[in-house]
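For reference, the chains in residue letters:
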Amino acid sequence: DSGVTQTPKHLITATGQRVTLRCSPRSGDLSVYWYQQSLDQGLQFLIQYYNGEERAKGNILERFSAQQFPDLHSELNLSSLELGDSALYFCASSVGSAGELFFGEGSRLTVL
Amino acid sequence: GIQVEQSPPDLILQEGANSTLRCNFSDSVNNLQWFHQNPWGQLINLFYIPSGTKQNGRLSATTVATERYSLLYISSSQTTDSGVYFCAGDSGGSNYKLTFGKGTLLTVNP
């Protein structure tokens, strides 16, 4: 158990819908990262938050947004879902703004 | 951004065999890490190894940062070692973006 908690573990929805994925970092970690893992793209960095502020941005679509709340948990919002958004979405956390990452168990999103 | 190349892409072993997995980076690398993704999809930290050598039981890793590569050694492999092994690193700077390789799929047969 890495200490990073993600919910839900599985999610099935339809095209055009919106979903929210939630992540609680390890106790004491200030950074939260979101990654997308799909069969064709591998593990792709989406976005990082550090102590409530956006720190780094990767290949995140405009239809996706994220935020980190004062209690340091984070949410990833995915809207206008397409079939190609089906993937495993991981959250990770670290103590500082860089360094060793610890991953949650992931949220598997299926868009039908 | 930094490019990460892992080899071999696939590896099949008999239980008890040893193996070496390699990770090459296109540029100088920071915050190098190795992960194991088990068949259930969980990403498990193996090593945080920006440089030098570390050992944890049957696993060890060596990073030669100046030559931009890292090696993961698995000795006396077990069926539970099966899964995908990823290395990841970032190129430094103000934005921390850990870039992953495509992974090595390891299958250990009993």
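Let me begin by describing the structure that accompanies this report. The structure displayed is predicted, hence computed values, not measured ones.

## Digging into the nonpolar core
All names here are of chain A.
Next up, step 1: Counting 21 residues, the largest nonpolar core has W34, L76, L78, Y89 and L109 as its most contacted members.
Next up, step 2: Looking at this core, the elements that each hand over two or more residues are β3 (19-24), β4 (31-38), β5 (42-50), β7 (64-68), β8 (74-78), β9 (87-94) and β11 (107-111).
Next up, step 3: Those residues in contact with Y89 that lie beyond four places of it in its chain are Q6, L21, Y35, Q36, L46, F64, L76, L78, G106, S107 and L109.

## As for the pattern of salt bridges
All names here are of chain A.
Next up, step 1: Following the criterion strictly, the structure yields 6 salt bridges over all chains and no others.
Next up, step 2: Here E105 and K9 are joined by a salt bridge, their closest N and O atoms 3.9 Å apart. Of this pair, E105 sits in the loop between β10 (102-103) and β11 while K9 sits in the loop between β1 (5-7) and β2 (10-13), and the two are 96 residues apart along the sequence.
Next up, step 3: R63 is paired through a salt bridge with E82; the nearest N and O atoms lie 3.7 Å apart.

## Points about the sheet that holds strand β7 (residues 59-64) of chain B
Residue and element names in this part refer to chain B.
Next up, step 1: One open sheet accounts for 5 strands, arranged β1-β3-β8-β7-β6; its pairing is antiparallel. The open sheet has two edge strands with one neighbour each: β1 (4-7) and β6 (52-56). Ignoring which end each strand starts from, the neighbouring axes of this sheet average 15° apart.
Next up, step 2: In this sheet, β7 lies alongside β6 in antiparallel orientation, the contact comprising 5 bridges.

## So, the layout of surface pockets
Next up, step 1: Considered as a void within the structure, the largest pocket measures approximately 990 Å³ in volume.
Next up, step 2: In terms of lining residues, the largest pocket is bounded by 43 residues, among which Q41, G42, L43 and Q44 of chain A together with G101 of chain B are the most central.
Next up, step 3: Of all the elements in the fold, those that place two or more residues in the lining of the largest pocket are β4, β5, β9 and β11 of chain A together with β1, β9 (83-90), β10 (99-100) and β11 (104-109) of chain B.
Next up, step 4: In terms of residue class, the lining of the largest pocket is made up of 15 nonpolar, 21 polar and 7 charged.

## Here's the deal with the state of the cysteines
Residues and elements named next belong to chain B.
Next up, step 1: Counting across every chain of the model gives 2 disulfides over all chains.
Next up, step 2: Residue C23 pairs covalently with C87 via a disulfide, S to S 1.8 Å. Residues C23 and C87 are joined through a disulfide that is right-handed, its torsion about the S-S bond being 75°. Residue C23 is located in strand β3 (residues 19-25), and its partner C87 is located in strand β9; the two are separated by 64 residues in the primary sequence. Neither residue differs from the other here; C23 and C87 are each classed as buried.

## Side note on the interface of chain A and chain B
Next up, step 1: Counting residues at the interface gives 19 residues for chain A and 16 residues for chain B.
Next up, step 2: Of the roughly 1,500 Å² buried between chain A and chain B, counting both surfaces, carbon and sulfur atoms make up 55%.
Next up, step 3: Of all residues in chain A, L43, E100 and F103 of chain A give up the largest surface area on contact with chain B, accounting jointly for 31% of the area buried on that side.
Next up, step 4: Here chain A and chain B share 0 salt bridges between them.
Next up, step 5: One can count 9 residue pairs in polar contact (both at pLDDT 80 or more) joining chain A with chain B.
Next up, step 6: Those elements that provide at least two residues to the side of chain A that touches chain B are β4, β5, β6 (53-57), β9 and β10 of chain A.
Next up, step 7: Among the residues making up the side of chain A that touches chain B, the classes are represented as 11 nonpolar, 4 polar and 4 charged.

## Digging into the pairing of β11 of chain A
Residue and element names in this part refer to chain A.
Next up, step 1: Only one face of β11 is buried, namely the one carrying S107, L109 and V111, since none of R108 and T110 on the opposite face is buried.
Next up, step 2: Bridge analysis of β2 against β11 gives 4 bridges, and the strand direction is parallel. Opposite I12, over in β11, you have T110 as the bridge partner.
Next up, step 3: Pairing between β9 and β11: 3 bridges, direction antiparallel. Residue pairing for β11: Y89 is matched across the bridge by S107.

The rules behind the values
- Residues numbered from 1 in each chain as written.
- Chains lettered and ligands numbered in written order.
- Predicted model: local features only at pLDDT ≥ 70, side-chain atom pairs only at ≥ 80, totals over all residues.
- Heavy atoms only, no water.
- Core = buried A, V, L, I, M, F, W, Y, C linked by side-chain atoms within 4.5 Å.
- Buried < 20%, exposed > 50% of the residue type's maximum accessible area, 1.4 Å probe, protein only.
- Helix = DSSP H or I, 4+ residues; strand = E, 2+ residues; numbered from the N terminus.
- Contact = heavy atoms within 4.5 Å.
- Salt bridge = Lys/Arg side-chain N within 4 Å of Asp/Glu carboxyl O.
- Pairing = 2+ DSSP bridges.
- Axes fitted to C-alpha atoms, helices over the stretch in contact; angles between N-to-C directions.
- 1 Å grid on protein atoms, 1.4 Å probe; cavity = no way out; pocket = protein on both sides within 12 Å on 5 of 7 lines; lining within 4 Å.
- Points joined across faces, edges and corners; volume = space filled by probe spheres on them.
- Nonpolar A, V, L, I, M, F, W, Y, C, P; charged D, E, K, R; others polar.
- Disulfide = S-S within 2.5 Å.
- Buried area = accessible area lost by both parts, 1.4 Å probe.
- Polar contact = N/O pair within 3.5 Å; in protein donor to acceptor, adjacent residues only side chain to side chain.

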